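# Reading the structure
Now for the letters of each chain:
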Amino acid sequence: MAEPTPRYVIHLPVMVADLAGALDLARALAGALASMPQVDVGGSTVSAEDAQHVRHWVFCDRVMPDRRRCVRQADHDDACSPVDDP
């Protein structure tokens with residue numbers, strides 16, 4: 001059996017003063033990088049510097065019935081919206 005191709009994750013520390021600001025910046029960075037196939041925007045999380053094991057999801061990313069993913073903010077109250085909706 002062939003060995004799997006190695007994959008690597010880039011950890012890019014960015015310091016922001018509060019959770020709301022960190023989530024906003026994470027959404028902006030994800031949007032700027034979303035066209036790159038190597039970037040998993042749906043997997044974006046934010047954590048406190050001293051509690052990196054406690055992660056806050058940036059996007060909902062629920063799988064919709066047609067297998068597309070929701071791109072709204074995590075914990076949104078309204079209906080999910082698939083990736084290609086305006």
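Going by the structure above, here's the rest.
Now for a quick tour of the structure. All values reported here derive from a predicted model rather than from experimental measurement. (Residues numbered from 1 in each chain as written. Predicted model: local features only at pLDDT ≥ 70, side-chain atom pairs only at ≥ 80, totals over all residues. Heavy atoms only, no water.)

## Comments concerning the overall build of the protein chain
Tallying secondary structure elements over the protein chain gives one helix and two strands in all. Classification of the 86 residues of the protein chain by burial places 21% in the buried group. Pairs at least 24 apart in sequence give 15% of the contacts found in the protein chain among residues at least 6 apart. For the protein chain, the computed accessible surface area is about 7,200 Å², with 56% contributed by carbon and sulfur atoms. (Helix = DSSP H or I, 4+ residues; strand = E, 2+ residues; numbered from the N terminus. Buried < 20%, exposed > 50% of the residue type's maximum accessible area, 1.4 Å probe, protein only. Contact = heavy atoms within 4.5 Å. Areas by Shrake-Rupley, 256 points an atom, 1.4 Å probe, with all protein chains shown as cover.)

## So, unusual backbone geometry
Phi is positive for Asp75, close to 60 degrees, though the residue is something other than glycine. In this fold, Asp75 is placed in the segment after β2 (51-57). Asp75 gets classed as exposed once you look at its relative accessible area, which sits at 73%.

## Some details on the pattern of salt bridges
By the definition in use, this model includes two salt bridges. Note that Asp24 and Arg27 form a salt bridge whose closest N and O atoms lie 2.8 Å from each other. Placement of the pair is Asp24 and Arg27 together in helix α1 (residues 19-33), with a separation of three residues, close to one helical turn. For Asp24, a relative accessible area of 46% corresponds to the partly exposed category. Between Asp78 and Arg72 there is a salt bridge whose closest N-O contact spans 3.5 Å. Assessed through its relative accessible area of 32%, Arg72 is described here as partly exposed. (Salt bridge = Lys/Arg side-chain N within 4 Å of Asp/Glu carboxyl O.)

## Points about the nonpolar core
The tendency in soluble globular proteins is for nonpolar side chains to be buried as a group. Counting residues in each nonpolar core, the largest one holds seven residues, listed as Ala22, Leu23, Ala26, Ala30, Val46, Val58 and Phe59. The element contributing the most residues to this core is α1, with four residues. In this view, Ala22 contacts Val16 and Val46; residues no more than four positions away in its chain are not counted. (Core = buried A, V, L, I, M, F, W, Y, C linked by side-chain atoms within 4.5 Å.)

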